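Listed here are the chains, written in short residue letters.
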Amino acid sequence: MKNAVEKIKVWFRFVPREGWFPQDTEGLWAARLGEDTARVQNAPFLQDGVAEGDIVRFETGADGLHWAAGRVSSSGNCTIRVVPVPSGPLGHSARAVHQRLSVFGLGGEVFSTEFPMVAFTAPAGADFAGIKRLLQQGEEEGWWHHEIGCGTEEWWSA
């Protein structure tokens, strides 16, 4: 099993946003690459500035937890968070959000049944302009609220 990739959880610290979740940490699964580096393996729900596939540096605390110390390199992927508007046409359905964005082949995870926020990874090379148009349409038509947790130059210029 020498070639097996070690899966670890890398923890991020941040200042909680007012009116948002009270958490000040988020753990993301990552594939350990070296003594103090790992590749993020899921989309963050709360942490900004990092996306699935990015390489991060971490420090291991005395408690054995791996704490993020910064991003080493970007994967080119972007993190998009979408929350359906309960009173809107999609209701409280994360599945309906997935279905609307499925045309772009985006992978996403649902925060919880109670709070159906979906964190999507938009891969480098995806149709960023098309995704942005659909996200804007969804806002305008009352389907959802969205935010960009991590965008690249290609995302912002699309």
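Just so it is clear, the model here is predicted, and its values are computed rather than measured.

Novice: Residue-level account of the overall build of the chain, with values.
Specialist: Looking only at helices and strands, one finds 3 helices and 9 strands in the chain. Beginning at the N terminus, the succession of helices and strands in the chain can be written as β-β-β-β-β-β-α-β-β-α-β-α. The C-alpha atoms of the chain give a radius of gyration of 16 Å, which matches the 15 Å a tight globule of 158 residues would have. The C-alpha extent of the chain, read off along each of the three principal axes, is 50 × 35 × 30 Å. Considering the chain as a whole, with its 158 residues, one finds that 42% of them fall into the buried category. Long-range contacts, defined here as pairs at least 24 residues apart, represent 50% of the contacts in the chain between residues at least 6 apart. Computing the positive centroid from 14 side-chain charges and the negative centroid from 20, the chain places the two 5 Å apart.

Novice: How would you summarise the sheet that holds strand S2 (residues 25-32) if you had to cite specific residues and measurements?
Specialist: Strand order in the closed barrel formed by 5 strands is S1-S2-S3-S4-S5, and the pairing between neighbours is mixed. In this sheet, adjacent strand axes meet at a mean angle of 55° when their direction is disregarded. Examined bridge by bridge, S2 and strand S3 (residues 37-40) share 3 bridges and lie antiparallel to one another. Among the inter-strand pairings, Ala30 is bridged to a residue of S3, identified as Val40.

Novice: Describe the sheet that holds strand S7 (residues 107-110), with residues and values.
Specialist: The strand order across the open sheet built from 4 strands is S7-S8-S6-S9, with neighbouring strands paired in antiparallel fashion. In the strand order of this sheet, the two ends are held by S7 and strand S9 (144-150), each with one partner. Strand-to-strand twist across the sheet, computed as the mean angle between neighbouring axes with direction ignored, equals 25°. Here strand S6 (residues 78-84) runs beside strand S8 (residues 118-122); their pairing, made up of 5 bridges, is antiparallel. Residue pairing in the sheet places Arg81 in a bridge with Ala119 of S8. Strands in contact with helix H1 (residues 94-101) are S6, S7, S8 and S9; relative to S8, the strand with the most contacts, it is inclined by about 20°. Relative to S9, helix H2 (residues 128-140) is tilted by about 145°, and along the sheet it contacts S6, S8 and S9.

Criteria and cut-off values
Residues numbered from 1 in each chain as written. Predicted model: local features only at pLDDT ≥ 70, side-chain atom pairs only at ≥ 80, totals over all residues. Heavy atoms only, no water. Helix = DSSP H or I, 4+ residues; strand = E, 2+ residues; numbered from the N terminus. Rg over C-alpha atoms; globule rule 2.2 N^0.38 Å. Buried < 20%, exposed > 50% of the residue type's maximum accessible area, 1.4 Å probe, protein only. Contact = heavy atoms within 4.5 Å. Lys, Arg positive; Asp, Glu negative; His and termini not counted. Charge placed at Lys NZ, Arg CZ, Asp CG, Glu CD. Pairing = 2+ DSSP bridges. Axes fitted to C-alpha atoms, helices over the stretch in contact; angles between N-to-C directions.

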